[in-house]
Amino acid sequence: MQKQKTLASEFSLKGKGLHTGLNVNMTFKPAPENHGYKIKRIDIEGQPVIDALAENVINTQRGTVLSKGNVQVSTVEHALAALYAWGIDNCLIEVDVPEFPILDGSARFFSENIEKAGIIEQNAPKDYYIVRHKIEVKDEKSGSSLIILPDDRFSINVLIEFDSPVLPNQYASMININEFPEKFASSRTFVFVREIEMLLQNNLIKGGDLENAIVIYDKEMEQEEMNRLADTLGLPHTNVKEFGFVNDKLPVFPNEPARHKLIDVIGDLALIGKPIQGHIIATRPGHKINNQLARLIRKDIKLNDVQAPIYNTLEDPVMDINRIRELLPHRYPFLLVDKIIEIGGDYIVGIKNVTVNEPFFQGHFPQEPVMPGVLLVEAMAQTGGLLVLNSVDEPERYSTYFMKIDGVKFRQKVVPGDTLIFRLQLLAPIRRGISTMKGYVFVGEKVVCDAEFMAQIIKNK
């Protein structure tokens, strides 16, 4: 099982803000387990902290802007994309102005400094958002769409389309997140010359220059107007008849704009607060629609505190019924776990198939067979006992006894034909033979029962 990660050491970056033109000092610091990405404005009294979550996005006009009350910070997507790509789950980012530095317009400096700072594993398990079914958001007016599909890892395809002779349709694909540092991080943002006048009038690119963006000239304008823009930006005059890239430094990749849009998608979806296990197809993506998908996923996460484990019936169990009978003393009609499909250092996943032939259905209830709630708790307890026994040498010589059960909730009835999936997770390391754990019972993707347990493991006489 993969563990959560944080930085091994802190690092700092300095640069100019794109929108304010102010000099930005920022520091990335290690953070404890289950902390997530948090941004602290150290220039403000009280040092308010903003959670980097989709529901805190207030603007996506030119970059992603997060806010908590009257405190905000903008242009966070490149840094978050780099953290996400390196598998960092927990990080505290301190910044002394209301935006992140634009640097060279890419995620390269963030990515390189994360690698230099180092990454360490933490004790908590990495909590993925596993895509179970197709999720789609569309903008009919712009033609933008984002689709996310089930997959066994995170991957992404991006298609961009512009009415431009210089920047035609482009496509970028990332099959494995490990490709990010080398193939995507250095891709810069881009802007069309025809957009610059509007951006300047709205004070949106005070810190923008040819060092932090690819500037594309693709629609003819008057030479006088072109010269005026060049003077405003401190650029040499160019011939209006020559379409192309204004920069001296040409794109690093032929499809660099599409690769940069891929960075933006990753950075915006990092705002769901969990790494994604799924495949994303992004057509004409932008910060607005990226955030729409992130908010939709956040809503799903809030409705479902924990996701059901994936149960592949074609895979062999890690413990079959014969091994379970060797470890547990229970026998018919009280052995309530059929097999174990997954087990880690601090969690276990078990299965029980409920049939109409279960003896308890004769009396509970003959006309409407319902599995007794107390037996759901017992089945969780047996699964948790297997987790505890798996942590000791010679487990056949030990037994587990449950000392306390708290917070039991029954959410939905269990009937013949249901397949129960049990997931038990240690809440703390086992000490002096005492363990505490949280248990869930799923039918499909729904939680039907959950509880907390305390158990003791005792060597048999």
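Everything here concerns the structure above.
Residues numbered from 1 in each chain as written. Predicted model: local features only at pLDDT ≥ 70, side-chain atom pairs only at ≥ 80, totals over all residues. Heavy atoms only, no water.

A word on helix α2 (residues 108-117)
In an α-helix, one turn spans 3.6 residues; hence positions three or four apart end up facing the same way.
And then number 1: For α2, every residue scored as buried is listed here: Phe 110, Ser 111, Asn 113, Ile 114 and Ala 117.
And then number 2: Of the surrounding elements, those touching the buried residues of α2 are β1 (3-7), β2 (11-16), β3 (23-30), α1 (77-85), β10 (119-125) and α3 (180-183). (Buried < 20%, exposed > 50% of the residue type's maximum accessible area, 1.4 Å probe, protein only. Helix = DSSP H or I, 4+ residues; strand = E, 2+ residues; numbered from the N terminus. Contact = heavy atoms within 4.5 Å.)

Considering the packing of α1 against helix α6 (residues 256-269)
Packed helices, taken two at a time, are described by the angle between their axes plus the distance between the axes.
And then number 1: Orientation of α1 relative to α6, taken along the N-to-C sense of each, is 80°, at an axis distance of 7 Å. Judged by the angle between their axes, α1 and α6 are roughly perpendicular. Each of Glu 77, His 78, Leu 80, Ala 81 and Tyr 84 in α1 lies in contact with α6, whose residues at this interface are His 260, Ile 263, Asp 264, Ile 266, Gly 267 and Asp 268.
And then number 2: In terms of residue class, the contact of α1 with α6 is built from five nonpolar, three polar and three charged. (Axes fitted to C-alpha atoms, helices over the stretch in contact; angles between N-to-C directions. Parallel < 35°, antiparallel > 145°, perpendicular 65-115°, else oblique. Nonpolar A, V, L, I, M, F, W, Y, C, P; charged D, E, K, R; others polar.)

Description of the packing of aromatic side chains
And then number 1: This structure, assessed with the given rule, holds nine aromatic pairs.
And then number 2: The structure contains a cluster of three or more aromatic residues connected by ring pairs, namely Phe 11, Phe 28 and Phe 110.
And then number 3: The cationic tip of Arg 108 hangs over the ring face of Phe 109; the distance from NZ or CZ to the ring centre is 4.2 Å.
And then number 4: Positioned above the aromatic ring of Phe 184 is the side chain of Arg 259, whose terminal nitrogen or guanidinium carbon lies 5.4 Å from the ring centre. (Phe/Tyr/Trp six-rings, centres within 6.5 Å; stacked < 30°, edge-to-face > 60°. Lys NZ or Arg CZ within 6 Å of the ring centre and 35° of its normal.)

Things to note about the environment of Gln 122
And then number 1: Position of Gln 122 relative to the elements: it lies in strand β10.
And then number 2: Judged by relative accessible area, which is 11%, Gln 122 ranks as buried.
And then number 3: Along the primary structure Gln 122 and Gly 46 are separated by 76 residues, whereas in three dimensions their C-alpha atoms are 29 Å apart.
And then number 4: One polar contact links the side chain of Gln 122 to the main-chain carbonyl oxygen of Ala 31, over a distance of 2.9 Å. (Polar contact = N/O pair within 3.5 Å; in protein donor to acceptor, adjacent residues only side chain to side chain.)

A closer look at the environment of Arg 108
And then number 1: Inspection of the secondary structure assignment puts Arg 108 in helix α2.
And then number 2: Residue classification places Arg 108 among the partly exposed positions, given a relative accessible area of 26%.
And then number 3: For the pair Arg 108 and Met 226, spaced 118 residues apart in sequence, the C-alpha separation works out to 31 Å.

Things to note about unusual backbone geometry
And then number 1: Cis peptide bonds are those with omega within 30 degrees of zero, and the linkage from Tyr 332 to Pro 333 qualifies with 5°.
And then number 2: Omega for the peptide link from His 364 to Phe 365 comes to -10°, which places this bond in the cis form.
And then number 3: Along the chain, the position of Phe 365 falls in the loop between β22 (347-353) and α9 (373-389).
And then number 4: The phi torsion at Gln 47 lies on the positive side, around 45°, for a residue other than glycine.
And then number 5: For Arg 284, which is not glycine, the phi torsion reads 50° and is therefore positive.
And then number 6: By the secondary structure assignment, Arg 284 is in the loop between β20 (279-283) and α7 (287-303).

As for a nonpolar patch on the surface
And then number 1: Taken together, the side chains of Ile 405, Val 408 and Phe 410 define a hydrophobic patch exposed on the protein surface, amounting to about 260 Å² of accessible area.
And then number 2: Mapped onto the elements, Phe 410 comes out in strand β23 (residues 398-410). (Patch = residues over 30% accessible without salt bridge, like charges linked within 9 Å, V, L, I, M, F, W, Y side chains within 5 Å. Areas by Shrake-Rupley, 256 points an atom, 1.4 Å probe, with all protein chains shown as cover. Salt bridge = Lys/Arg side-chain N within 4 Å of Asp/Glu carboxyl O.)

A word on the sheet that holds strand β16 (residues 190-192)
And then number 1: Here we have three strands laid out as an open sheet, ordered β16-β17-β18, and mixed in their pairing. Only two strands of the sheet have a single neighbouring strand rather than two, namely β16 and β18 (244-245).
And then number 2: In this structure, β16 lies alongside strand β17 (residues 214-217), joined through three bridges in parallel fashion. Counterpart to Val 191 in the pairing with β17 is Val 215. (Pairing = 2+ DSSP bridges.)

Thoughts on the sheet that holds strand β6 (residues 57-59)
And then number 1: An order of β6-β7-β8 is seen for the three strands of this open sheet, with the pairing classed as antiparallel. On the outer flanks of this sheet lie β6 and β8 (71-74), each paired with one strand and no other. For this sheet the average axis-to-axis angle between neighbouring strands, irrespective of direction, equals 35°.
And then number 2: Relative to β8, strand β7 (residues 65-68) is paired through four bridges, and the arrangement is antiparallel.

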